[in-house]
Amino acid sequence: MSWNRASVVGAGLIKMGELFDQSYEQMAKGAFDAAVASVDRGFDPSLVDAVFVATQRGTLWGQEGIAGNTVTSAIGLSGVPSTRIENACPTGSDAFRIAAMAVASGAHEVVAVVGVEKMRDKSSEEGLLARAAGGHPIFTRGESAPVLFAPFATRHMHDYGTTREMLAAVAVKNHHNGTLDPYAHFRYEVTVDEVLASPPVCSPLHLLDCCPQTDGAAAIILTTPQRARDFTDTPVHVAGFGVATDHPYLHEKSTYVGLPVTTIASGRAYGMAGVGPADIDMAEVHDCFTITEILDIEDLGFVEKGKGGVATIEGETALDGRIPVNPSGGLLAKGHPIGATGVAQLTECWWQLRGQAGDRQVKVRNGFALQHNVGGRGSGVSVVNILTVNP
Amino acid sequence: MTQGGPSVAITGVGVGFPELRLERREVNGAWGRGGGRGVVAACGHDEDVLTLSWQAADSAIRAAGAQPAQIDGLWWGTCRPPFAEGPSGTYLAATLALRPDVAATVVAGSTCAGLDALVAARDAVAAGRAATALVVAAEDLRPALGGGLETATGSAAVAYVLVAGDGPATVGPPTSQWMPALDRYRGDGEAGTREAYDGRLIREEVFLPLLADLAKSLAADESTRWSLPDPDGRLGAVLARRLGAAELSSAPVAAALGDTGSAAAMLGAVGSFTAPGRTQVVGYGGGRATAVTCDVAAPVPGADLLAPLLDAGTNASYPEVLRARGQMRAQGETVEMAVPPGSAMFVRENPDLLGLRGARCTACGTVNTPPGVHPTCTACGADQFEDVALARTGTVVTFVVNQTMPAPFIAPLPLVVVDLDDGSRVQLQGLSSSAPGLRIGAPVEMVLRRYATERGVPVYGWKVALTEGRPT
């Protein structure tokens, strides 16, 4: 039996992109309004009795000390309890998980999760790339975001014969999916040759192996399964979730061909939901880089370890494949506004499970969707949420 | 001439040469001048006088078959210590893992500093104050732009291990002579060293008379080898003719690297240490000439490495060298290190960072690095550790190469996960020059490099270098 003690009754996001014309606050309001508008029987925002704000890196837009109140003020709910959550790349998915627990505990009946991130208000050099100068002054110096994942590509290629063409197949698939997603940052096709010929960023990863820096926001409204019936006939329930951690330095990894945190987190989520990988109809997984999706689909149990590249080239993860992965376009095409990313992935799962995903709709057989993020120093945090339409 | 006291032997030598070679012709061309033959040696972006000195000293200690803990004293001569005022001597001691009571005495002030350091070390051994002494002479000038020093000065370091008694070579007491004359100069607040007087004036009125006078007092015959100063690529040969010096052991070094300043005298002698005979080692700088006599009975360990290392190096463009020296900078702000050099973190962690230390779990034996951020063993969860030195060699587990980076980083910038030969594992930057050859399983060594110059302060740590193809 699935956990099913919290239910999604509304979800929405804003068009992702370089949103130079929108403030953090405007993006938050845009996403929250979209979630409110999505509720089948209408929704009065004053029903929200707690807000969980997912923002990973306020420093990127010059707000080092943001707290939950920035968002409640922006969405017209000043006075309502609000807490900001930060947990690296899984920030949005972890805020969702905590919101679900807040509902299940009985402490709050109706909560909103608002994920919002400004990635482009600072130049790349001063923004995300400055990460290469952060952390330990020697042991992590030069550790840009691709450095967290590219060593796994080096080793995966060495140990399993994974090729750059297999990595490129992830980008080709997700960019194709992105052309079908009106909210995606990038809405154009790429070819394997284009990925291979794109400029090298962090060998063996090239530019089109990397997700963009994207401004964006997404929001979800959660309530109890009982109360959900007031808002919709087709709520989506939280079937299970799992979190795991690993040591924060790259040299402390037990393996460089997988991320055990993902396996542990998903094991916990599968157990809670009472399902296995074969029961999942579609997955939104963390494809910050092409190699990451290959690691993910192996670590989540969708394909055998070492076979992620071959499975991708053979179309197993395409929209009409055995296990569609990242129908939204993923981080590679839809974008990766960090705090919003997990919330946006969950929004895609909500659409897919309810049959509202338009041209990119996948076939829902068992009623389960999986959402996954991994990140943080040493990619040492993974969060997996499983949603279901089954009561 | 003073009496030298007991005999002092040289038991090992080592050299440290920088990565880059700069063609004189290219520098001259940039300033609208013609001509210029040969190259000078220049530091890469992560090298400087400390990293060259560590390389030379580490090599000399190994060549001598000594252990760092045996070193009773360290003398370090250079015009330009890594910190104009700061912990230069303790940083060098930390990177060499010397005993806590042994830090470097820094001798500076002019290019005579190298021989001054050698004399001080020799005197300490002769006096019985140090059974084993290490002397390092190094130069990494920042020459003033557009001046003659740009095509003259070359960066390098050299080190000798000295012990009381006999050995493959002995070093005698000094002979010295001076006149108060200003040749090259750098004042407070000046980044670059410049020529203060006309070159011919220095040549005719200071350099040649002073050195010729000094040399007359030295015992020499036709078989004597000479290490002579050569500040401009010509004066060395002129001086040799005046002295009737047939064998100029310093000439190949000057030809390969340029005028290595404080390092020149000791470095120029190393080539003669491979065969028995007498070598007169003459240094010059700041209006002073000093000489010591080395008598070689048998090849000095480490001396044979000089020739192959002189042939190494990578040709670099003038802008690349200017950028490496900090004389050409990108506009706008660069990315600052999250931890400023004044942070308590550096006080806490410097001994571990500079000494490349690890924390070995007393329960399971796993080495946790860096120790300061690991109060709990990553492998077994125990919390008792012993401080250990990490192995300096290992193999590549996995790696990446950053191909594009914001200033102040310089790409290609590898990051490498290494299994060290003692079973510990580290993640560190790799040398840019190692980027093309990196592969899983490749043998590597840890080398000291400058990671950053942060808010004006140099920050040092270890990097991963491929060992394949390197002279050993």
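The structure reproduced in this document is the subject of the present report. Since we're looking at a predicted model, the values are computed, not measured.

### Remarks on the interface of chain B and chain A
(1) Moving on: If you look at the interface, chain B gives 41 residues, while chain A gives 33 residues.
(2) Moving on: By the criterion of area lost to chain A, the three top residues of chain B are V400, Q427 and I440 of chain B, representing 18% of everything that side buries.
(3) Moving on: Our enumeration of links across chain B and chain A arrives at 17 residue pairs in polar contact (both at pLDDT 80 or more).
(4) Moving on: For the side of chain B that touches chain A, the secondary-structure elements that each account for two or more residues are α11 (344-355), β20 (393-402), β21 (413-420), β22 (425-429), β23 (443-454) and β24 (457-466) of chain B.

### Brief notes about the side chain of R122 of chain B
Residue and element names in this part refer to chain B.
(1) Moving on: With respect to the helices, strands and loops of the structure, R122 is situated in helix α4 (residues 113-126).
(2) Moving on: The class of R122 is buried, set by a relative accessible area of 3%.
(3) Moving on: Here the side chain of R122 touches V171 through a polar contact of 2.8 Å, landing on its backbone oxygen.
(4) Moving on: Only 3.0 Å separates the side chain of R122 from the backbone oxygen of G172, close enough to count as a polar contact.

### A word on the nonpolar core
All names here are of chain B.
(1) Moving on: Of all hydrophobic cores here, the largest spans 66 residues; its most connected members are L74, L96, L134, L428 and M446.
(2) Moving on: A per-element tally of this core places helix α2 (residues 49-63) first, with eight residues.
(3) Moving on: Excluding anything up to four places from it in sequence, L134 contacts A57, I61, I71, G73, L74, W75, L96, A159, Y160 and V161.

### Focus: the sheet that holds strand β16 (residues 314-316) of chain B
Residue and element names in this part refer to chain B.
(1) Moving on: One open sheet holds the three strands; their spatial order is β3-β2-β16, and the pairing between them is mixed. Edge strands, defined here as strands with exactly one partner in the open sheet, are β3 (39-42) and β16. When the angles between neighbouring strand axes are averaged without regard to direction, this sheet yields 40 degrees.
(2) Moving on: Where strand β2 (residues 20-23) and β16 come together, three bridges link them in parallel fashion. Counterpart to L22 in the pairing with β16 is A316.

About the thresholds
- Residues numbered from 1 in each chain as written.
- Chains lettered and ligands numbered in written order.
- Predicted model: local features only at pLDDT ≥ 70, side-chain atom pairs only at ≥ 80, totals over all residues.
- Heavy atoms only, no water.
- Contact = heavy atoms within 4.5 Å.
- Buried area = accessible area lost by both parts, 1.4 Å probe.
- Polar contact = N/O pair within 3.5 Å; in protein donor to acceptor, adjacent residues only side chain to side chain.
- Helix = DSSP H or I, 4+ residues; strand = E, 2+ residues; numbered from the N terminus.
- Buried < 20%, exposed > 50% of the residue type's maximum accessible area, 1.4 Å probe, protein only.
- Core = buried A, V, L, I, M, F, W, Y, C linked by side-chain atoms within 4.5 Å.
- Pairing = 2+ DSSP bridges.
- Axes fitted to C-alpha atoms, helices over the stretch in contact; angles between N-to-C directions.

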